Structure formats: C-alpha cells, structure tokens
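Structural overview for review
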Amino acid sequence: MKRLDAIWALLLGLALWQGIVWITSAPHFILPSPWRVAQAAFNSREVIAENALVTLTEVLLGLFIGTVLGALTAIQLAMSRTARRLMLPILVFTQAVPVFALAPVLTLWFGYGIGSKIVMAVLIIYFPVTSAFHDGLSRVDRGLLDLARTMGATPMQIMRRIKIPAALPSLGSGLRLAAVYAPIGAVIGEWVGASKGLGYLMLLANGRAKIDLMFASLIALAVMTVILHKSVGLLATQLEHYAAGGREREHVRG
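Because the structure is predicted, anything quoted here is derived from the model rather than measured.

Rules of the game
- Residues numbered from 1 in each chain as written.
- Predicted model: local features only at pLDDT ≥ 70, side-chain atom pairs only at ≥ 80, totals over all residues.
- Heavy atoms only, no water.
- Helix = DSSP H or I, 4+ residues; strand = E, 2+ residues; numbered from the N terminus.
- Areas by Shrake-Rupley, 256 points an atom, 1.4 Å probe, with all protein chains shown as cover.
- Lys, Arg positive; Asp, Glu negative; His and termini not counted.
- Charge placed at Lys NZ, Arg CZ, Asp CG, Glu CD.
- pLDDT = per-residue confidence, 0-100.
- Expected span 1.5 Å × (residues − 1).
- Bend = angle between axes of the 7 residues up to and from the residue.
- Contact = heavy atoms within 4.5 Å.
- Patch = residues over 30% accessible without salt bridge, like charges linked within 9 Å, V, L, I, M, F, W, Y side chains within 5 Å.
- Salt bridge = Lys/Arg side-chain N within 4 Å of Asp/Glu carboxyl O.
- Core = buried A, V, L, I, M, F, W, Y, C linked by side-chain atoms within 4.5 Å.
- Buried < 20%, exposed > 50% of the residue type's maximum accessible area, 1.4 Å probe, protein only.
- Axes fitted to C-alpha atoms, helices over the stretch in contact; angles between N-to-C directions.
- Parallel < 35°, antiparallel > 145°, perpendicular 65-115°, else oblique.
- Left-handed = near helix turned anticlockwise from the far one by under 90°.
- Nonpolar A, V, L, I, M, F, W, Y, C, P; charged D, E, K, R; others polar.
- Phe/Tyr/Trp six-rings, centres within 6.5 Å; stacked < 30°, edge-to-face > 60°.
- Lys NZ or Arg CZ within 6 Å of the ring centre and 35° of its normal.

Structural notes on the overall build of the protein
For the protein, the helix and strand inventory stands at 10 helices and zero strands. The linear arrangement of helices and strands in the protein, starting from the amino end, is α-α-α-α-α-α-α-α-α-α. By principal-axis analysis of the C-alpha atoms, the protein measures approximately 75 × 50 × 30 Å. Counting every atom, the protein has about 15,200 Å² of accessible surface; 69% of that belongs to carbon and sulfur. The average position of the 22 basic charges and that of the 12 acidic charges among the side chains of the protein differ by 5 Å.

Next comes the structure, spelled out in structure tokens:
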C-alpha cells in the first residue's frame, strides 16, 4: 500500500510539474519539462553516476565518523557530570553558528578534495546524533538503575547493559536525521569548492545554462538521500530489535 501511495504521489508531482510548464510557458532554460530532465539524465547518466559516487562516498564517511563521534560524546556526557558541565554549553553554543557559514573556512583548511566535504558532513550530523543519544541515555528507568546499583553493578556495567540498550531507539532517531542532513553538508561543501560531486555538477550545469542537467543532478541527489534514509532506518530498526532481544535475555538471566 505504501509503495502504491508513493507511486501515485510521484505521478501527481510530475503532472503538477508538467502543468506548471504548460501554464507558464517557461523557457526550457528556466524550467525544463520532466521529459527534458529525463533525457538529460539518460544522456549524461555516466557523468551523473560518477559524480554521485563521489558525493555518496563523502556522505557515508561523514555519516560513519559523525555517528561514532556523536555516540562516544553522548556516552561520555552521560557518565561524567564534569563533562556535562563543560561540554553541553559548548555544544549548544556551536549550534548558534550556522554550519554552512563554516564551509569556506573548512575548504581553506582541508582543501578542495574530499576531506573538507567529509568534515562538513560530520559537523552537520554530530549534534543531532549526540543530542538524541544523550537524551536516550538520560531517560532510563530509575528503578532499573537503582536495582543495578543495589546488586553491585559498576557504572560501566550499568552503561553497557542497561543505558545503551535502552537508548538505542533514540540513537536510531538521531541516525535517521543524520541520514538526511549528511548529504546537505556534503553538497554545500561541493558548492563552495570542488572538482567532483553532484554539488559541483549542479553548479557547472547552472553556469552553462544546462538547467535540465542541473535538475537531473538534483533528482539524483534526492533519490540517493531517500535510499540512504531508508537503509539507515532499516539498520536502526534491526538495532532496536537486537537491543530489545538483549534486554529480554538479561531479564531471563536475572
């Protein structure tokens, strides 16, 4: 049913797009029709695929590094009151600075290669992952924590066997957001300075008035983001099921 709804939504979107082209009589270099975009995508499929692979590499590496750093930071914040006093204000303050504004600086520091785009993706997903996971770690049932302490569990054992499994659904929510944000960071980094990637291809097509190719690149980015979001969602769901099974095994042992 969901797939059928998605197909109908896609067809409706294409119909509206074509309808706007007909009503406004916009020239193709301003608003190309869906058919022109499809032709551009087919004719430039190798170029789009090559640049999409570059962007996907940047996104996956940024997503992995940002998730690991965010999860480790959240665990440290949950275990140390000192870390919370020192780091939480800094994390909140960093959100007052638009990450996009740092793109030129990151390009200057890390160059026009893949490095600056990975750093940009890491920065844009680091806070959502840290915040979501830390919230989950902070909302564990107090009764379970008191029982574990009464039985002599160490803080690390409590973290590993109780808090982390209980907070995995929150981490999954953070990962779903990160999967959407990471491509934005990578593409903005490519807009500032790059020689490859979908963001670079969009700028190049726009500069040469090949708007149909720019739309095709944008659609390729959107499709990639949707697939990444769905894949991360499935991974997060499996992780949550595994954590739930682990809690059940712990109750059986208890």
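Observations regarding the confidence of the model for the protein
With 93% of its residues at a pLDDT of 70 or more, the protein has an overall mean of 82. Across the protein, element-level confidence peaks in helix H3 (residues 45–79) with a mean pLDDT of 91 and bottoms out in helix H7 (residues 142–150) with 73.

Comments concerning helix H6 (residues 114–138)
With 25 residues, H6 extends 36 Å between its outermost C-alpha atoms, agreeing within 8% with the 36 Å of an ideal straight helix rising 1.5 Å per residue. Bending of H6 peaks at approximately 35 degrees at the position of Ile 125, with proline Pro 128 no more than four residues after it.

Here's the deal with the environment of Tyr 126
Relative to the helices and strands, Tyr 126 resides in helix H6. It is 8.8 Å that separates the C-alpha atoms of Tyr 126 and Ile 65, two residues lying 61 residues apart in sequence. Beyond its immediate sequence surroundings of up to four residues, Tyr 126 is in contact with Gly 66, Leu 69, Gly 70, Thr 73 and Leu 91.

Overview of a nonpolar patch on the surface
On the surface, Leu 61, Phe 64, Ile 65, Val 68, Leu 69, Leu 72 and Ile 114 cluster together to form a nonpolar patch covering roughly 610 Å² of accessible area. Checked against the element boundaries, Leu 72 lands in helix H3.

Things to note about the nonpolar core
The biggest cluster of nonpolar side chains holds 26 residues, and the ones touching the most others in it are Phe 133 and Leu 137. Contributions of two or more residues to this core are made by H3, helix H5 (103–110), H6, helix H8 (155–192) and helix H10 (211–253). By residue number, the principal contributor to this core is H8, which donates 10 residues. Leave out the neighbours within four places in its chain, and Phe 133 touches Ala 71, Ala 74, Ile 75, Ile 164, Ala 167 and Leu 171.

Remarks on unusual backbone geometry
Positioned with a positive phi, Ala 209 is a non-glycine residue whose angle comes to about 60 degrees. Note that Ala 209 resides in the loop between helix H9 (198–207) and H10. When its relative accessible area of 49% is taken as the criterion, Ala 209 is described as partly exposed.

Here's the deal with the environment of Leu 77
Examined against the element boundaries, Leu 77 turns out to sit in helix H3. Put simply, Leu 77 and Gln 157 are 80 residues apart on the chain and 16 Å apart in space, counted from C-alpha to C-alpha. Setting aside chain neighbours within four positions, we find Leu 77 in contact with Ala 83, Arg 84, Met 87, Leu 88, Leu 91, Thr 130 and His 134.

Brief notes about the packing of H7 against H8
Here H7 crosses H8 at 150 degrees, and the two axes come no closer than 11 Å. Considering the angle they form, H7 stands roughly antiparallel to H8. Crossing handedness for the pair H7 and H8: right-handed. Residue-level inspection shows Leu 144, Leu 145, Ala 148 and Arg 149 of H7 in contact with H8, the latter providing Ile 158, Ile 162 and Lys 163. Its residues placed into classes, the contact of H7 with H8 shows five nonpolar, no polar and two charged.

Considerations on the side chain of His 134
Structurally, the position occupied by His 134 is in helix H6. His 134 sits in the buried class, given a relative accessible area of 11%. Among residues more than four places away in sequence, those in contact with His 134 are Ala 74, Leu 77, Ala 78, Arg 84 and Leu 88.

Some remarks on the packing of aromatic side chains
Overall, the coordinates contain zero aromatic pairs when judged by the stated rule. A cation over a ring is seen here: Arg 45 above Phe 42, with NZ or CZ 4.2 Å from the ring centre.

Comments concerning the packing of H8 against H9
Relative orientation and spacing of two packed helices are given, respectively, by the angle between their axes and the distance between those axes. Between H8 and H9, whose axes approach to 7 Å, the crossing angle comes to 45 degrees. Classified by the interaxial angle, the pair formed by H8 and H9 is oblique. In the packing of H8 onto H9, the handedness of the crossing is right-handed. Residues Val 187, Glu 190 and Trp 191 of H8 form the contact with H9, whose participating residues are Leu 198, Gly 199, Tyr 200, Met 202 and Leu 203. Tallied by class, the residues present in the contact of H8 with H9 amount to six nonpolar, one polar and one charged.

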